[in-house]
Amino acid sequence: MAQTVREPGPGTPVGRRVFLGLVGAGAAGILWGAKANDFLERTVGKLVSKDGTGLSSLLPIGRFRIYTVTGDLPSRSKAAWRLKLHGLVDQPYVLTYEDLRAMPPLHVTRDFQCVTGWRVHSVGWTGVRLGDLLDRAGVQPSARALRLTSFDGEYTESLTLEQARRADVMIAYQLDGSDLSSEHGGPVRLYVAPMYGYKSLKWLDTIEVVDKVIPGYWEQQGYDVDGWVGKSNGRDDRPTS
Ligand SMILES: Nc1nc2c(c(=O)[nH]1)N[C@H]1C(S)=C(S)[C@@H](COP(=O)(O)O)O[C@H]1N2
Ligand SMILES: [Mo]
């Protein structure tokens, strides 16, 4: 059965030791998508039971890992999905998936990088610019930031208004030309291209416009609220290339 990983927090050593620990413990498995899961069973399963030398070469370079902090992959159909946008706005609203798809699309292609050290090259995202969604509601002068929540019931994220209005920040409904799968946070997730993956909240539910930054799930555990790619977040294991 496919299982998922909760990203290790800052200060947790990552790499082969934790990877072996996860596989060995069996408490938290790893899901890299169906194909990779086959690969895991066929290849890694055997090697782990040997001495594990060279195992780091089997880390899924070029592939996403599927993260969820709840131990669960929530799912919501496109028909049932709603985006609630409220807070310090003139016109709070509720948007359907169809409403979202009717808005002007934005495409961004960028490497996707998790702060724990894995990276997927040149991933294409399609969605709606977050700034357009804010304009639709009319942001009030006292507003400074956004608080975003997930329908997984636990994950949260934050962005300053300035960050949210960037041309490369969107709520995304497609990944590499296909509708966003449930495991990748579909039907709709946040995508913050210039920042580490933890900013890109999956299973988007609510956007609240607030008067100050409220640190998100991993940020309460030490990650930087300004998660620009290139900042180390206190880790020494990020890719150097
Ligand atoms: N709701 C939710 N969103 C989340 C996470 C999560 O655990 N739950 N993990 C974050 C982290 S740390 C990363 S690197 C990316 C991973 O995206 P993926 O699971 O589509 O590979 O999602 C981010 N968004
Ligand atoms: Mo991450």
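In the block above lies the structure referred to throughout.
Below: a short report on this structure.

### Regarding the site of ligand 1
- Near ligand 1 you find 21 residues, and of these Glu7, Arg65, His184, Arg189 and Lys202 are the closest.
- Within the contact set of ligand 1, a nitrogen atom lies 3.0 Å away from a side-chain nitrogen or oxygen of Asp152.
- Within the contact set of ligand 1, an oxygen atom lies 2.7 Å away from a side-chain nitrogen or oxygen of His184.
- Grouping the constituent residues of the shell around ligand 1 by class yields eleven nonpolar, five polar and five charged.
- Taken domain by domain, the makeup of the shell around ligand 1 includes at least three residues from each of domain 1 (16-68) and domain 2 (74-232).

### Some details on the sheet that holds strand 1 (residues 82-87)
- The five strands lie next to each other as 2-1-10-5-6, forming an open sheet whose pairing is mixed. The sheet is open, and its two edges are formed by strand 2 (93-96) and strand 6 (156-160), each paired on a single side. Across the sheet, the mean angle from the axis of one strand to that of its neighbour is 20 degrees, orientation sign disregarded.
- Here strand 5 (residues 145-150) pairs with strand 6 via five bridges, running antiparallel. For Thr149, the partnering residue across the bridge sits in strand 6 and is Thr156.

### Details of the side chain of His184
- With respect to the helices, strands and loops of the structure, His184 is situated in the loop between strand 8 (178-179) and strand 9 (189-192).
- Residues contacting His184, with those up to four places away along its chain left out, are Phe64, Ile66, Leu175, Arg189 and Lys202.

### So, the environment of Trp203
- Position of Trp203 among the secondary structure elements: in the loop between strand 9 and strand 10 (204-210).
- Put simply, Trp203 and Gly185 are 18 residues apart on the chain and 4.4 Å apart in space, counted from C-alpha to C-alpha.
- Side-chain polar atoms of Trp203 contact the backbone oxygen of Pro74, separated by 3.5 Å.
- Polar side-chain contacts of Trp203 include one of 2.7 Å to the backbone oxygen of Ser182.

Parameters and conventions
All residue numbers refer to positions counted from 1 along the written sequence of the respective chain. All chains are assigned letters beginning at A, and all ligands numbers beginning at 1, according to the order in which they are written. Owing to the predicted nature of the model, reporting of local features is limited to residues with pLDDT of at least 70; listing and counting of side-chain atom pairs is limited to 80 or more, with chain, interface and lining totals taken over all residues. Values shown for side chains rest on all heavy atoms present in the structure; no hydrogens or waters enter the calculation. Proximity is defined per residue: if any heavy atom of the residue lies within 4 Å of a molecule or strand, that residue is considered near it. Two N or O atoms form a polar contact when they lie within 3.5 Å of each other; inside protein one atom must be a possible hydrogen donor and the other a possible acceptor, and for residues adjacent in sequence the pair counts only when both atoms belong to side chains. Under the scheme applied here, ten amino acids are nonpolar (Ala, Val, Leu, Ile, Met, Phe, Trp, Tyr, Cys and Pro), four are charged (Asp, Glu, Lys and Arg), and all others, including Gly, are polar. Delimitation of the domains relies on an automatic or database domain assignment. In this scheme, strands are said to pair when DSSP sees at least two bridges between them. Secondary structure is summarised from DSSP: a helix means a run of H or I of at least four residues, a strand means a run of E of at least two, and numbering begins at the N terminus for each. Only the stretch in contact is used when a helix axis is fitted, and all axes are lines through C-alpha atoms; the angle between N-to-C directions ranges over 0 to 180 degrees. Any two residues whose heavy atoms approach within 4.5 Å are treated as being in contact.

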